[in-house]
Amino acid sequence: MKLGYFNDFFIYAELGLDLFELAFKNDRGDNTYQIEKSNNDIDGYAGIGAGYHFKPFKIEVFTRARQIDGDYWEAQEHIYSGVQLSFTF
């Protein structure tokens, strides 16, 4: 979900979550092969961004704080930033 001002110049705040994990999360504990759930919460993120759309190009800068983990893997960085250049036709 993004909320903000969107025109040629745009600025926004965003929130998101992993819909696949939300739909298939199983915390019932009735799986006999399941050893122990340790750290497998539904992944999500929050971010801000801004950019300018000068047709046909769009440039955007953003920063996101994310929570991505699993039973056997966890992201080493939780904040990342980037610049995106898009060409639309």
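Below is a summary of the structure that appears in this document.

The rules behind each value
- Residues numbered from 1 in each chain as written.
- Predicted model: local features only at pLDDT ≥ 70, side-chain atom pairs only at ≥ 80, totals over all residues.
- Heavy atoms only, no water.
- Phe/Tyr/Trp six-rings, centres within 6.5 Å; stacked < 30°, edge-to-face > 60°.
- Helix = DSSP H or I, 4+ residues; strand = E, 2+ residues; numbered from the N terminus.
- Buried < 20%, exposed > 50% of the residue type's maximum accessible area, 1.4 Å probe, protein only.
- Contact = heavy atoms within 4.5 Å.
- Polar contact = N/O pair within 3.5 Å; in protein donor to acceptor, adjacent residues only side chain to side chain.

## Section: the packing of aromatic side chains
Link 1 in the chain: Inspection of the entire model under this criterion finds eight aromatic pairs.
Link 2 in the chain: Judged by centre distance (5.4 Å) and plane angle (50 degrees), the ring pair of Phe57 and Phe87 falls under tilted. On the criterion of sequence distance, the pair formed by Phe57 in strand E4 (residues 57-67) and Phe87 in strand E5 (residues 79-87) is long-range, its members being 30 residues apart.
Link 3 in the chain: Its relative accessible area of 34% is what places Phe57 among the partly exposed residues.
Link 4 in the chain: Their ring planes at 35 degrees and their centres at 5.9 Å tell us that Phe87 and Phe89 sit as a pair that is tilted.
Link 5 in the chain: With a relative accessible area of 92%, Phe89 lands in the exposed category.
Link 6 in the chain: Of the aromatic side chains, those joined through ring pairs into one cluster are Tyr52, Phe54, Phe57, Phe87 and Phe89.

## Some remarks on the environment of Gln84
Link 1 in the chain: Counting through the fold element by element, Gln84 comes out in strand E5.
Link 2 in the chain: Taking C-alpha positions, Gln84 is 6.4 Å from Val61, a pair spaced 23 residues apart along the chain.
Link 3 in the chain: Ignoring sequence-local partners within four residues, the contact set of Gln84 consists of Lys58, Ile59, Glu60 and Phe62.
Link 4 in the chain: Side-chain polar atoms of Gln84 contact the side chain of Ser86, separated by 3.2 Å.

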